[in-house]
Structure formats: C-alpha cells, structure tokens
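Chain residues, written in single-letter form:
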Amino acid sequence: MFGLRLGKLGAIARAIASFSFSPASLFAAGEPGAWYDPSDIDRYMTPLGPELVSNGDFSAGTTGWSASGGVLVASSGKGLFTKNAFTSAGITIAAALSTEIGKTYVFSGTYEKGTTATNGFLWVSNNGDGSSYYSQSPSSDGTLVVNFIATATTTYVGSRSDSMTANTTYLIDNISVRELTAIDTATMYQDAAGTTPVTAVEQPVGRMLDKSGNGAHATQSTATSRPVLSARVNMFTKTEQFDDGSWFKNAHTITANAAIAPDGTMTADKLVAVNGTDPNQPSSNGMYQSISLIAGVPYLISFYAKAAEFNILRFRDGAQTGAFLDFNLTTGAITNGNASRFISPVAEPDGSGWYRISFTTGSITSSVAYPARIGQTGDGTSGIYIWGASLVPANQASLPYQRVNTATDYDTVGFPHYLRCDGIDDGMVTGTITPGTDKAQVFAGVRTLSNANYGGVVGLGATVGDNGSFLFWLRSAGGGGQIEAYGRGSTSATSGLQTAASALTVPSTFVSTIQYDIAQAAIDDEIKLRLNGAAQASTGSSTAGTGVFSSAAMNIGQYNGANRLNGNIHSLIVRFGPTLTEAQITQTETWVNGKTGAY
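A short tour of the structure in this document, coming up.

Parameters and conventions
Residues numbered from 1 in each chain as written. Predicted model: local features only at pLDDT ≥ 70, side-chain atom pairs only at ≥ 80, totals over all residues. Heavy atoms only, no water. Phe/Tyr/Trp six-rings, centres within 6.5 Å; stacked < 30°, edge-to-face > 60°. Helix = DSSP H or I, 4+ residues; strand = E, 2+ residues; numbered from the N terminus. Buried < 20%, exposed > 50% of the residue type's maximum accessible area, 1.4 Å probe, protein only. Contact = heavy atoms within 4.5 Å. Pairing = 2+ DSSP bridges. Axes fitted to C-alpha atoms, helices over the stretch in contact; angles between N-to-C directions. Core = buried A, V, L, I, M, F, W, Y, C linked by side-chain atoms within 4.5 Å. Salt bridge = Lys/Arg side-chain N within 4 Å of Asp/Glu carboxyl O.

This part covers the packing of aromatic side chains. If you walk through the whole model with that rule in mind, you get 26 aromatic pairs. Here the aromatic rings of Tyr454 and Trp473 are separated by 4.6 Å at their centres, their planes lie at 50 degrees, and the arrangement is tilted. Separated by 19 residues along the polypeptide, Tyr454 in the loop between β33 (439-448) and β34 (455-460) and Trp473 in strand β35 (residues 470-474) bring together distant segments of the chain. Overall, the relative accessible area of 26% leaves Tyr454 in the partly exposed class.

Let us look at the environment of Gly64. By the secondary structure assignment, Gly64 is in the loop between β2 (48-51) and β3 (66-68). In this structure Gly64 comes out as exposed when scored by relative accessible area, which is 53%. Gly64 sits 30 residues away from Ala94 along the chain, and the two C-alpha atoms are 8.6 Å apart. With sequence-adjacent residues up to four places away left out, Gly64 is seen in contact with Ala94, Ala95 and Ala96.

As a further point, take the sheet that holds strand β18 (residues 252-259). With antiparallel pairing, the six strands of this open sheet are ordered in space as β18-β19-β28-β21-β26-β25. For this open sheet the edge positions go to β18 and β25 (342-349), each flanked by a neighbour on one side alone. Ignoring which end each strand starts from, the neighbouring axes of this sheet average 30 degrees apart.

Take the nonpolar core next. Soluble, globular proteins show a tendency: their nonpolar side chains are buried together. One finds Val458, Phe470, Phe472 and Tyr516 to be the most contacted residues of the largest nonpolar core, which totals 41 residues. Ignoring any residue separated from it by four or fewer positions in sequence, one finds Phe470 in contact with Val442, Val458, Gly459, Leu460, Tyr486, Gly487, Tyr516, Phe549, Met554, Tyr559, Val574 and Phe576. Within the second largest apolar cluster, 33 residues are counted, among which are Phe236, Ile291, Tyr299 and Ala305.

Further remarks concern the pattern of salt bridges. In this structure the tally under the stated criterion is 16 salt bridges. The shortest N-O distance in the salt bridge between Glu31 and Arg575 comes to 3.3 Å. Highlighted residues: Glu31 in the loop between α2 (9-19) and β1 (33-36) and Arg575 in strand β42 (residues 566-576), separated in sequence by 544 residues. Each member of the pair Glu31 and Arg575 is classed as buried. Here Arg420 makes a salt bridge to Glu202, at a shortest N to O gap of 3.1 Å. Taken together, the residues Arg420 in strand β31 (residues 418-422) and Glu202 in the loop between β12 (169-180) and β13 (203-204) connect sequence positions 218 residues apart. Its relative accessible area of 29% is what places Arg420 among the partly exposed residues. In this structure, a network of salt bridges that share partners links the residues Asp37, Lys211 and Lys595.

Rendered as structure tokens:
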C-alpha cells in the first residue's frame, strides 16, 4: 500500500547511498584499524576456527610462500613481488593450506598494484597457479573477504597479475584463511538460561568480527556483560493484536481479525465503544499500552485506521483535561484540540479506505497516556478498523512501520541493527592493535539513551591518561551531554581535549566523525569533530604532545573498566593512517548513516 511504501523511502534512500561505497576501501593499503558492522548478522553466527595461513603478514619473511615468474621478498611487513624479464602471463604467488572437503572457510587479504600498471587480484584455488579459482578480488587495489567451500584436502591462496611489465611490482598482505565453525553459544551469544538462541536478534553477542581484514575482533568473555544484538525500533508489542491483554481497554472492546489489513492479510481488528460511551469522558477511556518513556522527549505515535460504522478516531491526553485529537477517516480531516499536546498530526491515505495517522507527542512525563478511542457516542456494535500501531522516538520518524509481536519476535528486514549496551557492565575489547602513526579517524553511528554517566563508545588504551591513547565518549549530564574526544601522543605529558559545541538531546541518534592528528601545531586542529555530516566547533584544553598512537587494545562500549555506554552502536570504523579527503569522509559518513538512520 501507498503509506507502507512511503514510510520506507528514507531507509531505502540510505541503503542505496551505502551500496556505492564500502569501508573496505579505507583499509586498501593495509592501514591498521577495525570495521564493525552489526547489520552483518552472519558474522555473529559463524565463529572462526584457527588461522591456517602461518605467515600471512610476512613477519617470517617469505616462509610458506612460493613464487612463479618473479621474485618474492618481505618488505615492510608485506609480500613484495617483482616480475622477472622472462615471463609474460600467469604471474603467481601461492601458499598451500590443509583443508577439509565440504567445510566452509573465510579468506581475506589485501592487494596493492605497486609499480605495475596491470591490475591483479587475490585468489583461492584448488591448484597452485590460481588458474582455476573459487573467487577473486576486484581487479585493483583493495581488500578481499570471501567465503568458500573446500573441494580438496589442499587449498591454495595467492595472487596473480597477468601481463606485467618486466621489473614492476605488486604487494599482498594480511592473508588469512579460517574455518567458519558451528555456532558456539559459549563464546558467541546465548539467552539468559544459557540455551541455544532461536533468533539472531535480541541475543547477547560475545564476538564482533572486524571486517577490515586486520583481525581486530572484539570479544566479551563474560556472558552477562555482552551487548545485545537488536533491530527493534517500535516500542509497542502486539502491534497487530489489539485483543491481547497487553493493550489496556476501558469502555471499549476489540473484535479480532475483522477486516483485511493494509498488507493484504485478514489481521485488522475492530475497535468498538460500549453502549453509551461518551467520547469526551472520562479521559482514561479507550485503548493503550503503558510504556515507560523518557520525560521531556517527543515520541511519534501512529496507527493504520479505516472507517467502519463510525469514522472518527480520537486520541485523548489523560494528563491534560480537554486535550484531544480527531481523525476523520472519511475525509481525512484533522481536528486538533491542543496543538501543544498533539504536534504535527498527519492523515495519509493508504488505499482501500485506510489512513496512516500519526502525531508527535508533547512533553511526556513517564508513560504513554494517549488512549485511542471512538470519537462518537458508543452503541456497543459500531466501530473503526485499526492495525499496525507504532511508538518510536520522534527523531526516528523516518523509519517504516515495524511489526512487533514480542520483545524477540519482530520484523528485522529494512531496520538498522545495532549492539544495545546497558550502561551497567556491557562492553567489548579487541586484541592489541599497532597503529604506527599519529593520525586516526573514527566514524560511529550511535544512539544514546542516557547521559546520567559518562559513556565510552571507543577508545585505544586502558585509560585516557595513557600515552599514545585516544578516547571518544559521551559526557554526563553535568557536562551538558556532549561528545568528547581525547587524544594523546606517545611522548605527551598532557592530554588534548576537544568538546563538541552543541549538547546532545537524550535519546539522540547521530553519526559522529572524529579526526585525530597529533602532529598538528594548533591545539584546535589536533582533534576535529563532525556531527551528522557537519563540522562542529571545538575547543582544545591542552596539547596532545608528539609521537604516535601506542600499541594497545581498543575498548568498545566502555572505558577505564567502567564508563559504560547506555545506548546503541549501529556502526563503528576506526582507521589509523593518513588524513582522509573530504570526499572520503563524506562517503564514509553516508555509509555509516545508512546503517544508523540519524539524518
């Protein structure tokens, strides 16, 4: 139906924008860092077995590798291949691995053209020259990540660059092959009872895989401290089952499955006012769910509705006598009895007599108090058809309607997935990352649910006082609920601080970009912040010193062993390397927003 399609346009536009760019391009030259994508559910469901490539980073020289048509050497932590003058096509580097027929493996690695003008690629094959490969990378610099099923007991991984000019070069690095094993609830996720989950969402996540190819996977060994993978946005439950006891009904009744719903199923219910019910009194008459909300935050309430014997659907605000909002389901007319309590009401035709009706609440105190009722005197049989209830924070109004049955049974397709951190003990940590540079870029899609305490999003190092560390966190209410970023050089005696000029409303969904450049002379240039694609004014309190970021683990959703984030992480990319261009920053922000839906 029209309204259903219209509601999805924002999400579709964001998805289309994200398809034309991949964050893998940020790591094409082997830059250290990590890329975490909660929407890639398969990467939560498939733990990895041991590494099969013994020297994929060439730290042991060229041990385990062979070359054809040229010379392979280890150079600056990469495999550097130089073509000789006596061959033409089929230039190959290969490593042999022991695999088991029928099992699934994931292969990843990076390729750089070097001085050759000829494009090349990485490959996985059942022979040593790569002439018959399972998969190959795009024919240019970049990272390849691909799953394959072994068809032989020996599998080869390598690279080719056909028709190279004599004495030209290309490079490979971070070559990895690991088996995708069965779900392991002890290290991945499990429900409160420790049993195997039946759905991929609403489950604690013990491992978040790094898609950059650097292997900086984030883990949490303590089951009770694992963030939860979720895609839920609609706060109502039983959104198409108004006869359920979760919906409170006063002076009104429900006839279940009384009409064809907007999605073509026989699931629309009929809301009927009992005989003699006054549409004006009392304020509690009607149908609603009692849901705890955040005081002072506007929310969007919406329903699908269609005239039956009656045609006026009314909402009353139980917190304020006389406040009402009427939708005429014959004409689409709206009568707003209090514009400060019912903001921007809309009645959008959806075909076959249905309307998608919605309004934004005024200042909520603690729970939903806007009962839906019949706007005419009840006779016990006449009513209105209703379907598809939705309650979301107003800043998520662009998302489509989401069917919710229970807290773990709801529509997930088309909705942003995220890691939900509880603000109490949730968090994850990576293995050691070695940046080797004084520059870093952080892109994060976040939804904050509280600013009662400091909430760490991501940080390098154990504490913010460590030399060579950085931190991105959300400051507590005492500091205005702002984004803060710290950066510190390896030889610094102080810590550089930048604070976003504008406070964050709670709850707030946003995409934040932080650019660290310790080498900058001006304090205000050492750390730059962007919020939803726009540069933010920032103030430096002290210099970040000199030196580079240190080798250390990254903390996600926490910092200093505490400072837990109460909110959601939709996307997180951390890259150590040269400053990105404005175009690269914008592309990355657009991609992250496609996973977040912030703007």
